[in-house]
Amino acid sequence: MQQLQQGYARATIDTRALIDKVLARYSGEFSVFRELLQNSDDAGCDAAEIHFETAEFLGRSPEVTMEPEQHVLSVLETTNVVQWTFKNHGQPFAERDWHRLPKIALGNPDPRKVGAFGVGFYSLFSVTEKPYVSSGDKEMEFSWDDDDQLCYRFGDRPETATRDLWTTFKMTLREPALTPPVSDLMEFLATSITFMAHLRGVAVFFDRHLVGRINKFLGQSRDIPIPEELERRSPRQNMMVKSVQQHPITIEAGIMVQRHDPVWTQKMKMDLTAFTAEVDVTVDKKLSQEINRCTKKNPPSRLKYSLIYTGKDGHDQGRLNEQQHSSKFPFVFRGLTADLDGATHTRVFIGHATAQTTGVGGHMASHFIPTVERESLDLADRNIAIWNEELLYVGGFLCRVVYESEVSKIQSSWEEGATGKPPSYPSGGLQDKRFIHLLKFFTFHRSTPSPKVTEILAKSFCGCSDLPLKFLSRVGVRSAPEVRAFDRVVAKFVKSIPMLSEDVMEHCARFVATLPNHPKVCEMTALDVREDLRDNTLDVEELVACLRWWITARQKYSTSDTPKLLVAATLRGPGGPIHLSSVKHFIDPEILAVHVPPGGPLPPSVLPLDIGARFNRKELASFGWEEFTVVSWLRHITCRDVMLADENHDLTRSVNWASLVLRTLRCVWSQLSKHVQDDLRKVLRDKPCIPTSQGLHRPECSYLPIAENPLLRHLELPVVSHHPEFEVDKDMAIFLVYIGVCENPPVQSVLNQMLSTGDWAVSNLLDYLVQRMSSLTSDDISALTVSEIFIEETSRSIETTNARHRAAELYPPTDIFRRLRLPVIEWSGNPAWDDTSTTAQLLYRLGLNRFPPLPKIVELCSSEDDKVQQTAFRYLCEKLCSQYLHYQPEEFRDMEFIPAENGGRTCLKKLGEVYSDTRWKVLGFSVVQDQYLSAPLHQLGVMQNPPTSKVLNLLEQNPPPNEVTAARWFEALLDHLACFSPSDHIKLSRLPIVPTTSSSTPRWLPPTKCYLDQSSKPALHAKLFVFVDFGTKANRFLSTCGLKTEVSVDDIAEALTENPERFLQLAGGYDSFLVELRRLAYQNQAISNPTLHKMSCERTLLGVRRKKTEGQIGWDYEYLFRTYREVIIVDDVSDYELFSDCLFVVPREEVLERFYASLGCRYLSEVVKERYNDFCEVQNTEACDNLRSLILNRLPLFIQNYTDGKPRVTIPSSPDHLKVKACESILVSKTLELGNVERETENFGFPNSTCMKSPHLSVDLLFGTNKMNATVLLGTILSADLNFLERRGVLVDQISRQRKDGGGMESKARQNRSGISSLTANSPQRSTPDPQLDSQLNCERLPGGSAASLQFPSFPQSADRVLLGIPEASNVLSDNSSDMIRTSSQVISPNYIRNNVKQAIEACTSWAGRKSAIRMDTSQFLRSGFCKVSADRAQCLRHVGEFVLVVSTVIHERTRRCAKCSSLRE
């Protein structure tokens, strides 16, 4: 480290780290433009430009660049730019400016400028690494060296033809980027330019294309008077407001929006009002020094503080413009609108907007000292905080000046609107809205990030004056102590109290709550109300509201305030003013006031009825008033003076008034106590106040209106008469009786009158009895019940027209009883019969029948009259659940009363003979007639379905006669399957119910013997079986009874066992029969064991026997059906040639032979016994050796190519294992044993022959069979030339390899035999596999093989080695033996291979419950007869279970032929 004098070293600064950390404190996406715009304004610039330039644009020549119209504007949203350029038209850089530019923290010392910290320029490093600045004739370029130290180059600009008067900042971006959204940038510029001192316009370009422009226009300013009571000097005396000006600001914006072609430009305008305070600054020396130390400049001596205020009209217009603004174009003035809902986006501006919110509805701007990143006010530093707090006081002062100014305007508008009008809230709605807007604007919300800003502003707003704030009330602008809070009830009756309106009250509460030591708006007091009541009279509604308010508010006052309120209140009545202090009584609004006749005489001390009706009794009593009772009211109107004063209100002289009074008393009577009722009766006693037919009479001399019955016309009594205002109803009658009015005359008197005169009608009697019904005694009822006083209706019996009957003998006069031909009471001349009427109830009480008894109605249901019967049955069904609940079906089982139908005829049936489900109709059962199906048949005892026993008996005794009838029956039975039990289903399946027309005579078969007729079926099936089709539903029923949908293999086998000759005949001969027999053989697993047993034991197996007819060249064949013991499977051709005329053999097909063998048929080799006798051995050693060598060399090739069986002996692998003898002849004797018959054939021999000439003997010795193909194959391999065998695909190269090995193979075989035997079983073991394993694998036996042999090749030890090409000494599972494994081409049937592979896969899948993986290479074998697998698969063998499927393909060295797949048991 380089040290300076006195041992100190110079401290170094990591410039890049310093700039990065400073930039990290900047927020906002346009901080670069914010700093550059502020520098431009400090330079006195009035215009600035922002350019976004693409690489293609910068690469053009200057001549082309200046002609933007020749180039199409790119899509801004998708085109990257590489450089930002900012230009301002301010004063060029002076030498001191160039000196400050490369120095960090060396700000502008001019106190009038906003820049203070000297770090604003370095915001350019947030987007570029090499900023470039040119101004005047100088330029400066910055860059970073390798040590991350900032370097710069400063010098003269190159000479140009024209001098550039713009100061330019070029920023080559670190990496290409998209242009910032123009709408967001224009919104930022519109907000930023508002408080700029000099800057009037900013243009935005994209490759010389103008895409946006902002212009600001200032209007004429005017002075705003400052109220004298406001304190202009700040708390620390550092600042003093000299004046306040108001000037309008208009901001116009134009923004280009690309809408394909052409390009659209949207123009918009925003009008604002700015209030600016001119402030003188006087700070002491110490504070000035501290500020200079922090900002490197002295505080200014004068400054301005601005506030953007938007009035109600301007705010509404701005909101309207924003709403009407097209959604296609962005609204760039969003940040300038007043924020009335929380002040979350109004900012404090220090040239540009900071992150500090103002807390009120408008932006503020002044010479605040911010933090370094200029995002918030510095209120942390003690001295800087003093400056900012003093400046915030000016802000609160300015807010108060604006508030007072706007309130004055509202007061002026109010006074102008109130001129010539009564003081009843003039123009209140409009002024309220303006005042509410003012309150919302100056509601101080919490500011962020520093809440202290709002606290200081609010404190200054209230503290700058000792006078209270002014509010707009219902009578104009008043100071806060004079204003009262809004009360919804009080507002209905007070007129001169300065009370806030409801809307103003809501917002005023929020406004006042945000102010420190906020002025309290007082609630309305009783004193305020009394003062207002003394000056004004009230109408009814206003008085009701006043009393209602007092009922709620009086709990806050003393009881003495109630009389004071009543003294102050005056009602403006129709007869003059009524002082509430004179009211002493009230009428109960819930009892008497509701019914008191209007206009009636009342004492003046009673509260008017229209007022008292609005309150309840308790509320009225709370004012000290007493209740004016019914007795008091009646006594008042019966007072002599009141009655004499007005005849119309004298109840003893005016019928109308008496009727109204009696009606009123009747209405309140039930609510009165017994004591009050007695008092009222006393008042009315001896007063002629009852309106009667003979005028007004005293109560005890009057009779109720019932006395007007014609039966009592001869009685001249004062009967209570009807009047428009007086109706004698039940309640009135009770009231009249209580006060003394007499009821009707006694019933006995009326009866005596009837008997004496005889001039009476039943209707009059009934009317009288109904009126007296409540007073009738039991004796009266008994007398009326036994009296024959009622007449039967004449329509039924003309002869008895004048006869009278007791009520118990008649029925009500209704249509239903008339249709039932029942005697009904005469009812002509009376109102329509009503069961619920009082008259009907009286008649029922006298014994009139309500409805016919149950036995009677059932009897009518069996009537011979169809109309009566139908009506009675419907009536019974309708009333069964109401009137005849005691109905029991057992009581009426012997009566035929159920309407039924059968065979198209209607009839009546007993219960148990008819059913409700009409689908039984088709089977011949009686069912309920259709018109009664909705009746409650189940409750009547009608069963829905007949018992299944009846149905089964019907089907058994009378099956459907034809197919049409059967289809209908079966469809009906399908819907009732649930009725049949399992045993019923079994019986149905055995019943011959299916009609068939296969023969001339109709016959019926059980469903199990029939098959569903499909669209297509084999011709043989159509001959063998019966097919039926009765339709979908009928077929479904038969299916449940055993009908088969298709012919199964077991069915075919069963048909064969029943009549094999017929089967052969219908099949069309031997060849067609073999086709069916093959199907049985292929699908023998689907044949049931009983059927298989019948096939084997009965003569159902077709056997073929050939015979030679003399004189014919060919054979004659005989076809007969035999049992399994009589049919032989040919597995030896030579034996068959000897005994063919004595044998019935299986048709010579492999699948049929296996099928017959499974049924127990024996192989020919099992029934032929043979003996060999050799004679005359010849000593020919050389020939025998040659033959032995030939057999040893070529026998493995035969074993490899023969796949129809396994050797019964060990295949010789060395000369020691094979002996060859030469003899002159061999004698073979064969005997055929069939049952008890023995037959010997003639001996035959082969003179001078060897095994070479008799290959069939070798095959018989090796495999125990003598099939032709095996004999031919062995003879060919032993006698053919090797070249011939090689051309046939035999791998003869193995012979050469074995010859080279010579005797070594034999010795190696002896050494490794023990190891090999562990991997490959020896001959006896391999020729006799595990029977249990055979059953698990379910493998088919090879043709001619033993019962335990599997259907895949299995070879002895040496044969396996030859087949796979493995030397004796090799290990099959050795890792190094892959190159030694070979196989030759084999001719194997594809079906044979497919069956083997499929069964091997199934065995691997199911063996021991484990899954075995089979390579995907072998899966295609199941789809084709040939499988190709690469040669390297052989070495991938692994033990996966008890069995391994080996699939291998070996390419021959010369012929490159693919071998067939073979299966090997491990």
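Thresholds, definitions, all that
Residues numbered from 1 in each chain as written. Predicted model: local features only at pLDDT ≥ 70, side-chain atom pairs only at ≥ 80, totals over all residues. Heavy atoms only, no water. Helix = DSSP H or I, 4+ residues; strand = E, 2+ residues; numbered from the N terminus. Buried < 20%, exposed > 50% of the residue type's maximum accessible area, 1.4 Å probe, protein only. Contact = heavy atoms within 4.5 Å. Areas by Shrake-Rupley, 256 points an atom, 1.4 Å probe, with all protein chains shown as cover. Pairing = 2+ DSSP bridges. Axes fitted to C-alpha atoms, helices over the stretch in contact; angles between N-to-C directions. Parallel < 35°, antiparallel > 145°, perpendicular 65-115°, else oblique. Nonpolar A, V, L, I, M, F, W, Y, C, P; charged D, E, K, R; others polar. Salt bridge = Lys/Arg side-chain N within 4 Å of Asp/Glu carboxyl O. Phe/Tyr/Trp six-rings, centres within 6.5 Å; stacked < 30°, edge-to-face > 60°. Patch = residues over 30% accessible without salt bridge, like charges linked within 9 Å, V, L, I, M, F, W, Y side chains within 5 Å. Core = buried A, V, L, I, M, F, W, Y, C linked by side-chain atoms within 4.5 Å. Arc of directions from axis to C-beta. pLDDT = per-residue confidence, 0-100.

A. Local environment of the overall build of the chain. Check the secondary structure of the chain and you find 52 helices and 40 strands. Across the 1466 residues that make up the chain, the buried fraction comes to 48%. Partitioning the intrachain contacts of the chain with sequence separation of at least 6 by distance along the chain shows that 67% fall at a separation of at least 24. Of the accessible surface of the chain, which amounts to about 73,400 Å², a share of 50% is contributed by carbon and sulfur atoms.

B. Summary view of the pairing of strand 19 (residues 576–579). Pairing geometry for strand 18 (residues 570–573) and strand 19, over four bridges, is antiparallel. Paired with Leu 571 across the strands is Ile 578, a residue of strand 19. Linkage of strand 18 to strand 19, two consecutive antiparallel strands, is achieved through a turn of two residues.

C. Here's a closer look at the sheet that holds strand 27 (residues 905–909). Across the sheet, three strands lie side by side as 27-26-28; this open sheet has antiparallel pairing. Taken across any chain shown, the strands that pair with only one partner, and hence form the sheet edges, are strand 27 and strand 28 (927–928). Relative to strand 28, strand 26 (residues 898–902) is paired through two bridges, and the arrangement is antiparallel. Each residue of the ladder has a partner; that of Glu 901, found in strand 28, is Val 927.

D. Broad picture of the side chain of Gln 869. Looking at the element boundaries, Gln 869 is found in helix 29 (residues 866–879). Exposure remark for Gln 869: the relative accessible area of 7% places this residue in the buried category. Apart from residues lying up to four places away in sequence, Gln 869 is in contact with Leu 860, Cys 861, Ser 863, Phe 897, Pro 899 and Leu 908.

E. Main features of the environment of Leu 1005. One can find Leu 1005 in strand 30 (residues 1003–1005). For Leu 1005, a relative accessible area of 13% puts it in the buried group. Residues within four places of Leu 1005 in sequence aside, it is in contact with Leu 991, Pro 992, Ile 993, Val 994, Thr 996, Cys 1010 and Val 1026.

F. Region of the structure containing the packing of helix 13 (residues 526–535) against helix 15 (residues 561–568). The geometry of helix 13 relative to helix 15 is characterised by a closest axis approach of 8 Å and an angle of 25° between their N-to-C directions. Overall, the two elements helix 13 and helix 15 adopt an arrangement that is roughly parallel. Facing Val 529, Arg 530, Leu 533 and Arg 534 of helix 13, the residues of helix 15 in contact are Asp 561, Lys 564, Leu 565 and Ala 568. Among the residues making up the contact of helix 13 with helix 15, the classes are represented as four nonpolar, no polar and four charged.

G. Structural view of the pairing of strand 5 (residues 150–156). In this structure, strand 4 (residues 138–144) lies alongside strand 5, joined through seven bridges in antiparallel fashion. Its bridge partner lying in strand 5, Ser 143 is registered against Cys 151. Hairpin geometry of strand 4 and strand 5 is characterised by an intervening segment of five residues between the two adjacent antiparallel strands and by a positive phi of about 60° at Asp 148.

H. Quick peek at the pattern of salt bridges. A complete count under the given rule lists 48 salt bridges for this structure. Here Asp 280 ties to Arg 302 by a salt bridge, and the two come within 2.4 Å at their closest N and O atoms. Of this pair, Asp 280 sits in strand 11 (residues 263–281) while Arg 302 is found in strand 12 (residues 302–309), placing the two residues 22 residues apart along the sequence. Using a relative accessible area of 49% as the deciding quantity, one classes Arg 302 as partly exposed. Shared partners join several salt bridges into a network, and the residues in it are Lys 242, Glu 278, Asp 280, Arg 302 and Lys 304.

I. Expanded view of the packing of aromatic side chains. This model, assessed by the stated rule, comprises 49 aromatic pairs. Consider the rings of Phe 86 and Phe 169, whose centres lie 6.4 Å apart with planes at 55°: the pair is tilted. In this pair, Phe 86 sits in strand 2 (residues 80–88) while Phe 169 sits in strand 6 (residues 167–178), placing the two residues 83 residues apart along the sequence. Considered together, Phe 86 and Phe 169 belong to a single accessibility category, that of buried residues. When the centroid spacing of 4.9 Å and the interplanar angle of 65° are considered together, the rings of Trp 669 and Phe 735 count as edge-to-face. On the criterion of sequence distance, the pair formed by Trp 669 in helix 20 (residues 655–669) and Phe 735 in helix 22 (residues 730–739) is long-range, its members being 66 residues apart. For Trp 669, a relative accessible area of 8% translates into the label buried. Ring-pair connections join several aromatic residues into one group, and the members of that group are Phe 275, Tyr 309, Tyr 403, Phe 435, Phe 441, Phe 442, Phe 444, Phe 461, Phe 471 and Phe 511.

J. Examining a nonpolar patch on the surface more closely. Where nonpolar side chains cluster on the molecular surface, the patch consists of Trp 1115, Tyr 1117 and Tyr 1119 and spans about 310 Å² of accessible area. If you trace the backbone, Trp 1115 turns up in strand 34 (residues 1115–1122).

K. Main features of the nonpolar core. By size, the foremost hydrophobic cluster in this structure holds 70 residues, and its most contacted members are Tyr 305, Tyr 403, Phe 435, Phe 442, Phe 461, Phe 471 and Phe 511. A total of 16 residues in this core trace back to one element, the largest contributor, which is helix 9 (residues 382–418). Phe 461 has contacts with Gly 396, Cys 399, Arg 400, Tyr 403, Phe 444, Leu 469, Phe 511 and Leu 515, leaving out every residue within four places of it along the chain. Membership of the second largest hydrophobic core comes to 61 residues, among which are Phe 30, Ile 50, Phe 188 and Ala 274.

L. Fine view of unusual backbone geometry. For the peptide bond that leads from Thr 448 to Pro 449, omega is 0°, which places it in the cis range. Relative to the assigned elements, Pro 449 resides in the loop between helix 10 (428–441) and helix 11 (452–463). For Gln 237, which is not a glycine, the phi torsion comes out positive at approximately 65°. Relative to the helices and strands, Gln 237 is located in the loop between strand 9 (222–223) and strand 10 (239–258).

M. Inspection of the environment of His 345 at higher detail. Here His 345 is to be found in the loop between helix 8 (312–324) and strand 13 (347–350). On the basis of relative accessibility, which here comes to 29%, the residue His 345 falls in the partly exposed class. Expressed as a C-alpha distance, the spacing of His 345 and Thr 358, which sit 13 residues apart in the sequence, is 8.5 Å. Among all residues touching His 345, those that are not within four sequence positions of it are Arg 334, Gly 335, Thr 337, Asp 339 and His 363.

N. Molecular detail of helix 39 (residues 1089–1097). Of the residues making up helix 39, those classed as buried are Thr 1091, Leu 1092, Met 1095 and Ser 1096. When helix 39 is viewed along its axis, its buried side chains cluster within an angular range of 135° and face the same direction. Seen from the open side of helix 39, the exposed residues pointing more than 90 degrees away from its buried face are Asn 1089, Pro 1090 and His 1093. In this fold, the buried residues of helix 39 make contact with helix 36 (1049–1058), strand 33 (1101–1108) and helix 41 (1150–1158).

O. The confidence of the model for the chain, seen in detail. The predicted model of the chain has a mean per-residue pLDDT of 76, with 76% of residues at 70 or higher. Within the chain, the element-level pLDDT minimum falls on helix 51 (residues 1357–1364), averaging 31, and the maximum on strand 1 (residues 47–53), averaging 93. With pLDDT under 50 throughout, residues 1–5 is counted as low confidence; its partners more than four residues away or in other chains account for six contacts. Contacts for the low-pLDDT stretch residues 1242–1253, under 50 throughout, to residues beyond four places or in other chains number 27 contacts.

P. Just helix 15, in detail. Asp 561, Thr 562, Leu 565, Leu 566 and Ala 568 are the residues of helix 15 that are buried. What you see down the axis of helix 15 is that its buried residues fit within an arc of 165°, all on one side.

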